[in-house]
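Chain by chain, the residues:
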Amino acid sequence: MKNTFLLLVLLTSFCAASQEKEKPIYLSKDQSLGLINAINMQVVNTTTDQCLTNIERVKQELRLKLEQSDVKVYDEPLGGNASAVDLVISANGWKPNNYGCVGNFSLNVYYFGYHAFNESFIRKQTTLLLKSSLATSSTDLNAMFSDFAIENIAKLSADIISARRDTDVVKFFEGNPQLKEVRTVKEIQVLVETLLKEF
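In this report, the structure presented in the accompanying data block is examined. Nothing here was measured: the structure is a model prediction, and the numbers come from that model. (Residues numbered from 1 in each chain as written. Predicted model: local features only at pLDDT ≥ 70, side-chain atom pairs only at ≥ 80, totals over all residues. Heavy atoms only, no water.)

What the protein chain contains, in helices and strands, is 6 helices and 5 strands. Going residue by residue from the N terminus, the α and β elements of the protein chain occur as α-α-β-α-β-β-β-β-α-α-α. Counting every position in the protein chain, which comprises 199 residues, the buried fraction comes to 33%. A sequence separation of at least 24 residues applies to 71% of the contacts in the protein chain between residues at least 6 apart. With an accessible surface of roughly 13200 Å², the protein chain has 56% of that area assigned to carbon and sulfur atoms. (Helix = DSSP H or I, 4+ residues; strand = E, 2+ residues; numbered from the N terminus. Buried < 20%, exposed > 50% of the residue type's maximum accessible area, 1.4 Å probe, protein only. Contact = heavy atoms within 4.5 Å. Areas by Shrake-Rupley, 256 points an atom, 1.4 Å probe, with all protein chains shown as cover.)

So, in structure tokens, the structure goes:
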């Protein structure tokens, strides 16, 4: 009887310990911002009539802000990794009746995930941040586009830094250190070709 009781206590403590170890970490959308350490940034300008002429300057400011937040910025597709996302900033504008400029801006941060379903894979896009704005000006849209893009990237950078301090995000990175390593699609292709040649 005594041995049975000791065995039961040992089994109970073993089960409790293994359940504690295997407890999955669930991250909310806000927490998952803390995983971002690389961004494929694309700035799409479809404005006409000289309504937007400062795209390159704004792009450099955004790159600087993200890099200062310890987020690597690329201008090419990144390999599938939970810490790599796509960022698309779009500007569209024109001069109606040759007077002033009107336009709209959007910012979208997203990643693709794959889900297995009956021997098939479904590719899904998950949006982490989506912002948009309308703009009008008697001259051009430069100042408004700059303000829109820089303000939203500053907020994104602050949210990333803040989410990295979350205890669940810290634990997630500790359990998955490979997420800190990001490769571009081109680098992955070269790696695969090299490995295939070795066989």
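Don't stop here, the text continues.
Tracing the chain through its elements places N108 in strand β4 (residues 101–117). We classify N108 as buried; its relative accessible area is 17%. Those residues within four positions of N108 in sequence are excluded, and the remaining contacts are D86, L87, V88, Q125, T127, L129 and L130.

Turning our attention to the packing of aromatic side chains. Throughout the structure, instances matching the rule amount to 2 aromatic pairs. When the centroid spacing of 5.3 Å and the interplanar angle of 70 degrees are considered together, the rings of F105 and F145 count as edge-to-face. With F105 in strand β4 and F145 in helix α4 (residues 142–164), this residue pair connects regions lying 40 residues apart in the sequence. Both residues of the pair, F105 and F145, count as buried. Where F105 meets F148, the ring centres are 5.7 Å apart and the plane angle is 40 degrees; that geometry is what we call tilted. Of this pair, F105 sits in strand β4 while F148 sits in helix α4, and the two are 43 residues apart along the sequence. You can call F148 buried: its relative accessible area is 9%. (Phe/Tyr/Trp six-rings, centres within 6.5 Å; stacked < 30°, edge-to-face > 60°.)

On to the nonpolar core. Membership of the largest hydrophobic core comes to 32 residues, with the highest contact counts inside it found for I39, L87 and F145. At the level of secondary structure, the elements contributing two or more residues to this core comprise β1 (38–45), α3 (55–68), β3 (84–94), β4, β5 (120–137) and α4. In terms of residues, this core owes the most to one element, α4, which gives 7 residues. Contacts of F145, omitting those with residues within four sequence positions, involve V43, L52, N54, I55, V58, I89, S90, A91 and F105. (Core = buried A, V, L, I, M, F, W, Y, C linked by side-chain atoms within 4.5 Å.)

This part covers the environment of F172. By secondary structure assignment, the location of F172 is in helix α5 (residues 167–175). Look past the residues within four positions of F172 in its chain and what remains in contact with it is I25, L27, L35 and L179.

Geometric descriptors of this kind do not, in isolation, establish any biological role.
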